[in-house]
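So the chains spell out like this:
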Amino acid sequence: MKSEDIKVCVLRIEGTNCEEEMFQAFRQLGASPEKVHLKQLIGKCSVDMRRNLPDYDVLALPGGFSAGDYVRAGAIFAARMKSSLSKELKAFVSKEKPVIGVCNGFQILVELGLLPAMDGIMSDHPQAALYTNSSARFECTPTLLKHENKGKCIFTNGMAKGKIVMFPCAHAEGKLMFEKSKEKKMLDKMEENDQIVFRYVDPEGNYAGYPWCPNGSLSNIAGICNPAGNVMGMMPHPERVMYRYGHPDFTRTGENPNSAGDGRAIFESVVDRLVRKA
Amino acid sequence: MVVAEIRIELKPGVADPEGQNTKKALELLGFEGIANVRSIKLFVVELDASPAEAKKACEEMCRKLLANPVIQKFSVQIK
């Protein structure tokens, strides 16, 4: 497959506001992204606007807000997708097509049951929650992340294990939680399945508390993938650091502002994989 | 017309930053002796159904959207 043949569905709903960055991230790598509203996938639109999920190679859920984030962040978007698009979504994921959710997109994937989805493709009920940050504040800050995946996640194949990257985060509900009584068991299983992708760290690479971990997330987890490795969700925004000038220290490090930022590797990994595949 | 009150609250042991921050704010205002503050969410749903049907429908609403069973529990009261 040539990179321009890679069709990316950047899915939005009322309130999404990071679709432009997500769109640009894929476009800068030569793929063919398209911003698609949920209504276009479920046929609540004119015939010429109609789109079909199976026609795409990648599904990207950008950040922002969705449906006012009433009830819980991402819950309404997820419930609407589940009621109208469940079959197509399951088929998409079973074909091991890549799905990425950033920020609100991660919250949606968790509410949908596509993450962590420990026992298959999509759980009937959420297996995790992304709830109010421990600080009870909207945390908008650069965060340092350690890449923890051993090779399962297709979005980080191009990144060495242990590498520390900077992706900015901006969220009020990003604390990953499991059911209290199953916490330890689920964490162990996540490790065993190689589902943990990123953890928040301090500049020395240590797991540290607030503010390095902005939300109080369980085990400092910032991003996870499904057991197959083709669905990844994370709270911080890789699409905001496609270039070095997106990094807060770019004037001090002397690096070329137009050189690759830390986030590019995420999108490169998946585009390269699809190009190689066919 | 039936009025249903759907109460969504955090399961015991789940941290409640909103409640804790509110407690702090109340203490800063000089209120004393506050042992704990918990935040809950209450939805009032008016339905054209029998009380039994309404209760069933509301419970289904909780399972499909209003509560995340990982951290929250729900209760439905028909008024």
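Everything in this summary refers to the structure shown in the same document.

What counts, and where the lines are drawn
- Residue numbers run consecutively from 1 along every chain, following the written order of its sequence.
- Written order determines the labels here, with chains lettered from A and ligands numbered from 1.
- Reporting of local features is limited, given that this is a predicted model, to residues whose pLDDT is at least 70; pairs of side-chain atoms are given and counted only at 80 or more, and all residues count toward the totals for whole chains, interfaces and linings.
- Helical segments are the DSSP runs of H or I of at least four residues, strand segments are the runs of E of at least two, and each set is numbered from the N terminus.
- We compute the radius of gyration over the C-alpha atoms and compare it with the globule rule, which gives 2.2 Å times the number of residues raised to the power 0.38.
- Whether a residue is buried, exposed or partly exposed is read from the other C-beta atoms within 10 Å of its own C-beta, which are placed from the backbone; 20 or more gives buried, 12 or fewer gives exposed, and intermediate counts give partly exposed.
- It is the C-beta atoms, placed from the backbone, that decide contacts: two residues are in contact if theirs lie within 7 Å.
- At least two DSSP bridges between two strands are required for those strands to pair.
- Every axis corresponds to a line fitted to the C-alpha atoms, with the helix fit spanning only the stretch in contact, and the corresponding angles, defined between N-to-C directions, vary from 0 to 180 degrees.
- Under this grouping Gly is polar, as are all residues other than the nonpolar Ala, Val, Leu, Ile, Met, Phe, Trp, Tyr, Cys and Pro and the charged Asp, Glu, Lys and Arg.
- Between the first and last residue of a helix there are one fewer steps than residues, each counted as 1.5 Å, and that sum is the expected span.
- By our criterion, buried Ala, Val, Leu, Ile, Met, Phe, Trp, Tyr and Cys residues that link up through C-beta atoms within 7 Å make up a nonpolar core.

In this section: the overall build of chain B. Along chain B, the regular secondary structure elements total two helices and three strands. In sequence order, the secondary structure elements of chain B are arranged as β-α-β-α-β. Its C-alpha atoms give chain B a radius of gyration of 16 Å, clearly above 12 Å, the size a compact globule of 79 residues would have. Seen along its three principal axes, the alpha-carbon backbone of chain B occupies a region of about 45 × 25 × 15 Å. Sorting the 79 residues of chain B into buried and exposed places 13% on the buried side. In chain B, the share of contacts with a sequence separation of at least 24, taken over all contacts with a separation of at least 6, comes to 65%.

This brings us to the sheet that holds strand S1 (residues 2–10) of chain B. As a general point, the strands of a sheet are linked pairwise by backbone hydrogen bonds and lie either parallel or antiparallel. Residues and elements named next belong to chain B. Pairing in this open sheet of three strands is antiparallel, and the strands run S2-S1-S3 from one edge to the other. Of all the strands in the sheet, just strand S2 (40–47) and strand S3 (72–78) have a single pairing partner and so form its edges. Each adjacent strand pair in this sheet contributes to an overall mean axis angle of 20 degrees, direction not counted. Pairing between S1 and S2: eight bridges, direction antiparallel. Each residue of the ladder has a partner; that of Glu9, found in S2, is Ile40.

With that out of the way, let us pick up the sheet that holds strand S6 (residues 139–147) of chain A. Residue and element names in this part refer to chain A. Taken in spatial order, the nine strands make up an open sheet running S2-S1-S3-S4-S11-S10-S9-S6-S7, and their pairing is mixed. Each edge of the open sheet carries a strand with a single partner, namely strand S2 (32–37) and strand S7 (164–171). Averaged over all neighbouring strand pairs, the angle between strand axes comes to 25 degrees, with direction disregarded. Across three bridges, strand S3 (residues 58–61) lies against strand S4 (residues 99–102) in parallel orientation.

Now for the pairing of strand S9 (residues 196–201) of chain A. Residues and elements named next belong to chain A. Judged by how many residues are buried, S9 sits mostly within the fold: five of six residues are covered. Strand direction decides the pairing type here: S9 and strand S10 (residues 221–225), joined by three bridges, are antiparallel. Its bridge partner lying in S10, Phe198 is registered against Gly223.

Turning our attention to the interface of chain A and chain B. Taken residue by residue, the interface counts 20 residues in chain A and 14 residues in chain B. Counting residues per element, the ones that place at least two in the side of chain A that touches chain B are helix H3 (75–94) and strand S5 (129–132) of chain A. Taken together, the residues of the side of chain A that touches chain B sort by class into 11 nonpolar, six polar and three charged.

With 12 residues, helix H1 (residues 17–28) of chain B ought to run about 16 Å at 1.5 Å a step, and its terminal C-alpha atoms sit 16 Å apart, in line with that. Of the residues trailing H1(B), B:Gly30 is marked for its positive phi of about 100 degrees.

What follows concerns the environment of A:Glu191. In this structure, A:Glu191 sits in helix H5 (residues 183–192). Each C-alpha atom, one on A:Glu191 and one on A:Asp119, is 14 Å from the other, the two residues being 72 residues apart in sequence.

Attention now moves to the pairing of S6(A). Residue and element names in this part refer to chain A. As judged from the eight bridges shared by S6 and S7, these two strands associate in the antiparallel manner. The residue of S7 that forms the bridge with Thr141 is Cys169. As judged from the four bridges shared by S6 and S9, these two strands associate in the antiparallel manner. Counterpart to Leu145 in the pairing with S9 is Tyr200.

All names here are of chain A. In this structure, Lys97 sits in the loop between H3 and S4. On the basis of neighbour counts, which here come to 19 C-beta atoms within 10 Å, the residue Lys97 falls in the partly exposed class. Along the sequence, Lys97 and His147 sit 50 residues apart, while their C-alpha atoms lie 22 Å from each other. With residues up to four places along the chain from it excluded, the contact list for Lys97 reads Asp57, Val58, Phe92 and Asn230.

Below, the discussion takes up the nonpolar core. Of all hydrophobic cores here, the largest spans 81 residues; its most connected members are A:Val8, A:Cys9, A:Leu59, A:Ala60 and A:Leu109. Of the residues forming this core, the biggest block, eight residues, is contributed by H3(A). With residues near it in sequence (within four places) discarded, A:Leu109 still touches A:Leu61, A:Gly101, A:Leu114, A:Leu115, A:Val231 and A:Gly233. The next biggest cluster of nonpolar side chains, apart from the first, holds six residues, and it includes B:Ala4, B:Ala54, B:Cys58 and B:Cys62.

Geometry only, nothing functional implied.
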